[in-house]
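Observations on the model geometry
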Amino acid sequence: QVQLVESGGGLVQAGGSLRLSCVVSGSIFSINVMGWYRQAPGNQRELVTSITRDGITSYADSVKGRFAISRDNAKNTVYLQMNSLKPEDTAVYYCHVRALRRFSSTMDDYWGQGTQVTVSS
């Protein structure tokens with residue numbers, strides 16, 4: 001069993017900041033990629049940012065320069081620092097990891113339950 005627990009969402013005014021956290025627990029052997037997706041009402045889920053175990057990051061063009069992803073491998077935790085938030089950043093944010101469970105030979109995808117981020121204008 002693998003669990004992803006997100007925290008840090010909420011309501012913020014445009015221009016403000018929020019920090020999301022996602023803790024991975026359970027029968028994990030190793031975590032490869034960690035990332036954040038988001039889904040706004042009526043839209044498809046989209047990749048916001050990701051980070052490899054070695055710290056290589058990628059960002060959607062819409063958040064470059066405003067968002068920063070980081071991870072703590074010792075704590076199996078990934079963070080998303082969101083600055084200069086805009087109303088269009090409003091969405092449910094989902095934590096995603098690609099990981100290898102103990103006693104498994106294949107990488108699998110795991111998702112958090114989602115945390116709401118609302119940016120008011």
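In this text the structure is predicted, and so the values were computed from the model without any measurement.

1. Here's the deal with the pattern of salt bridges
- Counted according to the given criterion, the structure contains five salt bridges.
- Residues Arg38 and Asp89 are paired through a salt bridge, measuring 3.0 Å at the closest nitrogen-oxygen approach. Placement of the pair is Arg38 in strand β4 (residues 28-39) and Asp89 in the loop between β8 (77-82) and β9 (91-101), with a sequence separation of 51 residues.
- Residue Arg38 is classed as buried on the basis of its relative accessible area, which comes to 6%.
- Between Lys64 and Asp61 there is a salt bridge, with its nearest N and O atoms 3.1 Å apart.
- Through salt bridges with shared partners, a single ionic network connects Arg38, Glu46, Arg66 and Asp89.

2. Here's the deal with the nonpolar core
- Ranked by internal contacts, the top residues of the largest apolar core, which has 30 residues, are Trp36, Met82 and Tyr93.
- For this core, the secondary structure elements donating two or more residues are β1 (2-7), β3 (18-26), β4, β5 (46-51), β7 (67-72), β8, β9 and β11 (115-120).
- Here the element with the most residues in this core is β9; it accounts for five residues.
- Ignoring anything within four residues of it in the chain, the contact list for Tyr93 reads Glu6, Leu20, Trp36, Tyr37, Arg38, Val48, Phe67, Leu80, Met82, Gly114, Thr115 and Val117.

3. Observations regarding the environment of Val12
- Take Val12: it is sitting in strand β2 (residues 10-13).
- A relative accessible area of 14% means that Val12 is categorised as buried.
- In this structure the C-alpha to C-alpha distance between Val12 and Ser121, which are 109 residues apart in sequence, comes to 9.1 Å.
- Leave out the neighbours within four places in its chain, and Val12 touches Ser17, Leu18, Leu85, Thr118, Val119 and Ser120.

What counts and what doesn't
Residues numbered from 1 in each chain as written. Predicted model: local features only at pLDDT ≥ 70, side-chain atom pairs only at ≥ 80, totals over all residues. Heavy atoms only, no water. Salt bridge = Lys/Arg side-chain N within 4 Å of Asp/Glu carboxyl O. Helix = DSSP H or I, 4+ residues; strand = E, 2+ residues; numbered from the N terminus. Buried < 20%, exposed > 50% of the residue type's maximum accessible area, 1.4 Å probe, protein only. Core = buried A, V, L, I, M, F, W, Y, C linked by side-chain atoms within 4.5 Å. Contact = heavy atoms within 4.5 Å.

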